[in-house]
Amino acid sequence: MAEERAKRKIMQGVVVSDKSSKTRIVAVERTIKHPLYGRIIRVKSKFSVHDEKNESKMGDLVSIMESRPMSKTKRWILTSVVNKA
């Protein structure tokens, strides 16, 4: 039981900034239902992602995975580039 590992979260998003070396800012959009009014709304979250090879560029659709903390804000790593911009 203690050896079971939790599944890591995997998300897809669009690279909105590639100005830093080995770091990308990825915007992930999801839809939720408003708790009171019931309307479906879009929520956008931004994540700092570690990109070791600097392979993604601004506008690319990428797949990211949760990882260990790499810095104060980086807790995600780039797994693959799904679509080039």
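Residues numbered from 1 in each chain as written. Predicted model: local features only at pLDDT ≥ 70, side-chain atom pairs only at ≥ 80, totals over all residues. Heavy atoms only, no water.

Caption draft 1: Looking closely at the side chain of serine 63. Take serine 63: it is sitting in strand β4 (residues 61–66). Look past the residues within four positions of serine 63 in its chain and what remains in contact with it is Ile10, Met11, Gln12, Ile77, Leu78, Thr79, Ser80 and Val82. (Helix = DSSP H or I, 4+ residues; strand = E, 2+ residues; numbered from the N terminus. Contact = heavy atoms within 4.5 Å.)

Caption draft 2: Structural context of the environment of valine 14. Relative to the assigned elements, valine 14 resides in strand β1 (residues 10–17). The exposure class of valine 14 is partly exposed, given its relative accessible area of 35%. When the C-alpha positions of valine 14 and leucine 61 are compared, they lie 4.6 Å apart, and in sequence the two are 47 residues distant. Other than its neighbours up to four places away in sequence, valine 14 contacts Ile25, Val26, Ala27, Gly59, Asp60 and Leu61. (Buried < 20%, exposed > 50% of the residue type's maximum accessible area, 1.4 Å probe, protein only.)

Caption draft 3: The arrangement of the sheet that holds strand β5 (residues 74–83) in detail. The sheet built from five strands closes into a barrel, its strands ordered β1-β2-β3-β5-β4 with mixed pairing. Pairs of neighbouring strands in the sheet enclose a mean axial angle of 50 degrees, with direction left out of account. The pairing of β1 with β4 spans five bridges and is antiparallel. Within β4, the position partnered with valine 14 by the bridge is leucine 61. (Pairing = 2+ DSSP bridges. Axes fitted to C-alpha atoms, helices over the stretch in contact; angles between N-to-C directions.)

Caption draft 4: Highlighting the environment of asparagine 54. Within the fold, asparagine 54 resides in the loop between β3 (40–50) and β4. In this view, asparagine 54 contacts Ser21, Lys22 and Arg24; residues no more than four positions away in its chain are not counted. Here the side chain of asparagine 54 touches arginine 24 through a polar contact of 3.2 Å, side chain to side chain. (Polar contact = N/O pair within 3.5 Å; in protein donor to acceptor, adjacent residues only side chain to side chain.)

So, to be careful, I would describe these as geometric facts and stop short of saying anything about function.
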